[in-house]
Amino acid sequence: MLTTIQDFGRYGYQKFGMPVSGAMDTHSLQLANWLVGNNRNEACFESTFLGPEIKFLSKTKIAISGAILHASLNGEPIRMNCSISVSKGDVLEMGAVRKGMRAYLSIAGGISVPEIMGSKSTYLRGKMGGFEGRKIEDGDVIKTGETHDDIDYREVPSQLLFIYPSVQTIRILKGSESDRFTDEGLKTFLGSVYEVSNQNDRMGYRLSGPSIKHKDGADIISSGIANGSIQIPGHGEPIIMMADHQTVGGYTKIANVITVDLPILAQMKAGDQLKFKKINLNEAQDLLKMENQNIDKLYQL
């Protein structure tokens, strides 16, 4: 349905109007890369909802992490979150997701496409990066880096894998314009369950649910937007900015999703439900430190 090449994204260019882009779920990207012995920032194939069919033209190792889906190699089921050896001529099929939204396919040695502004990530609206600035299409032949034959079998520890509760709790920090909302509006935001609408993509997620009231309108002088910023336009329903978000915006920002919960949010699809939990900056920093330490331990093995 939509498969693109993504790494961590291109940083340092938002002041020029260039979005960061990159993997929606950087946690799964790093797991997939570790499984095949790549650098954690190496580009992977990010598939959305329905994965591709790929024929391998040389021997290599692969791994799939992220959304739970059925995958097969030459018609035989294969496991996720572990390293898989493939031979020349093998065919991988990645089906529709059963839980989650985005799966990450890593190839030993990485994907050999040009770096633009320090990143291989695809920015679809700008038609740049990745493979010819577009999604992967039928018949594309994509080069990979050198295969690492010395990589032993690896498997992701279960405690690092996502779980998918019926209502996901997303932790947030107070937003830069939170004082522009009524007390009732803030209570509504923190006390309600919202649903991911069908208006969601790599740029942003619009949520359906109770309307959040402003004190005096939704418009502000345009200001910078961070990944995970939650804007509340005039209609009162939240919009969460994701990887391909614009660099500035003119709607009030009530909160910002913390870094470690952005990958969780990236695995949510239309119809999934969530609620928000406010934490402070120290708590968010501690959670990020813990996440980084867990990933670092893998790469030190």
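What follows deals with the overall build of the protein. Counting secondary structure elements, the protein contains four helices and 16 strands. Over its C-alpha atoms the protein spans a radius of gyration of 20 Å, differing by no more than 12% from the 19 Å that the globule rule assigns to 301 residues. In terms of principal-axis extent, the alpha carbons of the protein reach across some 65 × 35 × 35 Å. Classification of the 301 residues of the protein by burial places 50% in the buried group. Put simply, 74% of the contacts in the protein that link residues at least 6 apart link residues at least 24 apart. A total accessible area of about 14300 Å² is found for the protein, and carbon and sulfur atoms account for 50% of it. Of the charged side chains in the protein, 33 are positive and 34 negative, and the gap between their average positions amounts to 3 Å.

Turning next to the pattern of salt bridges. Inspection of every chain in the model, using the stated rule, returns 13 salt bridges. The shortest N-O distance in the salt bridge between Arg206 and Glu237 comes to 3.5 Å. With Arg206 in strand S10 (residues 204-208) and Glu237 in the loop between strand S12 (229-231) and strand S13 (239-241), this residue pair connects regions lying 31 residues apart in the sequence. Given the relative accessible area of 24%, Arg206 is considered partly exposed. The class for Glu237 is buried, based on a relative accessible area of 18%. Linked through salt bridges whose partners overlap, the residues forming this network are Glu132, Arg134, Glu137 and Asp140.

Turning our attention to helix H1 (residues 26-35). The buried fraction of H1 is high, at nine of 10 residues. Of the positions making up H1, those classed as buried are His27, Ser28, Leu29, Gln30, Leu31, Ala32, Asn33, Trp34 and Leu35. In this fold, the buried residues of H1 make contact with strand S1 (2-6), strand S2 (44-48), strand S4 (60-73), strand S7 (91-107), helix H3 (262-266) and helix H4 (281-299). Two or three places before His27, at the start of H1, stands the capping residue Asp25, its side-chain oxygen 3.1 Å from that residue's backbone nitrogen. Backbone geometry just downstream of H1 places Gly37 in the positive-phi region, at approximately 80°.

Locating Ser21 in the fold gives a position in the loop between S1 and H1. Discounting chain neighbours no more than four positions away, the residues touching Ser21 are Gln6, Phe8, Gly9, Arg10, Ser121, Thr122, Tyr123, Arg202, Ala243 and Asp244.

Turning our attention to the packing of aromatic side chains. This model, assessed by the stated rule, comprises two aromatic pairs. Judged by centre distance (4.5 Å) and plane angle (20°), the ring pair of Phe189 and Phe276 falls under stacked. Here Phe189 is found in helix H2 (residues 183-191), whereas its partner Phe276 is found in strand S16 (residues 273-278), with 87 residues between them in sequence. Exposure class is identical for Phe189 and Phe276. Each is buried. Each ring, one from Tyr194 and one from Phe276, has its centre 6.2 Å from the other, and the planes form 50°; the classification is tilted. With Tyr194 in strand S9 (residues 194-200) and Phe276 in strand S16, this pair connects stretches of sequence that are 82 residues apart. The class of Tyr194 is buried, set by a relative accessible area of 0%. Among the residues examined, Phe276 registers a relative accessible area of 4% and is labelled buried. An aromatic cluster of three or more residues is present, and its members are Phe189, Tyr194 and Phe276. Taking NZ or CZ as reference, Arg40 lies 4.5 Å from the ring centre of Tyr299, over its face.

With mixed pairing, the seven strands of this closed barrel are ordered in space as S8-S15-S12-S13-S10-S9-S16. Averaged over all adjacent pairs, the angle separating strand axes in this sheet is 40°, with direction ignored. Where S10 lies against S13, three bridges are found, and the strand directions are antiparallel. Across the sheet, the residue bridging to Tyr205 is Ile240, located in S13.

Ile230, Ile240, Leu265, Leu274 and Phe276 are the most contacted members of the largest nonpolar core, which totals 30 residues. Taken together, the elements giving at least two residues each to this core come down to H1, strand S8 (167-174), S9, S10, strand S15 (253-257), H3 and S16. The greatest single-element share of this core, amounting to four residues, is contributed by H3. Setting aside anything within four residues of it in sequence, one finds Leu265 in contact with Ile170, Tyr205, Ile240, Met242, Val257 and Leu274. Counting 25 residues, the second largest nonpolar core, distinct from the first, contains Ile5, Ala71, Ile84 and Leu105.

Thresholds, definitions, all that
- Residues numbered from 1 in each chain as written.
- Predicted model: local features only at pLDDT ≥ 70, side-chain atom pairs only at ≥ 80, totals over all residues.
- Heavy atoms only, no water.
- Helix = DSSP H or I, 4+ residues; strand = E, 2+ residues; numbered from the N terminus.
- Rg over C-alpha atoms; globule rule 2.2 N^0.38 Å.
- Buried < 20%, exposed > 50% of the residue type's maximum accessible area, 1.4 Å probe, protein only.
- Contact = heavy atoms within 4.5 Å.
- Areas by Shrake-Rupley, 256 points an atom, 1.4 Å probe, with all protein chains shown as cover.
- Lys, Arg positive; Asp, Glu negative; His and termini not counted.
- Charge placed at Lys NZ, Arg CZ, Asp CG, Glu CD.
- Salt bridge = Lys/Arg side-chain N within 4 Å of Asp/Glu carboxyl O.
- Polar contact = N/O pair within 3.5 Å; in protein donor to acceptor, adjacent residues only side chain to side chain.
- Phe/Tyr/Trp six-rings, centres within 6.5 Å; stacked < 30°, edge-to-face > 60°.
- Lys NZ or Arg CZ within 6 Å of the ring centre and 35° of its normal.
- Pairing = 2+ DSSP bridges.
- Axes fitted to C-alpha atoms, helices over the stretch in contact; angles between N-to-C directions.
- Core = buried A, V, L, I, M, F, W, Y, C linked by side-chain atoms within 4.5 Å.

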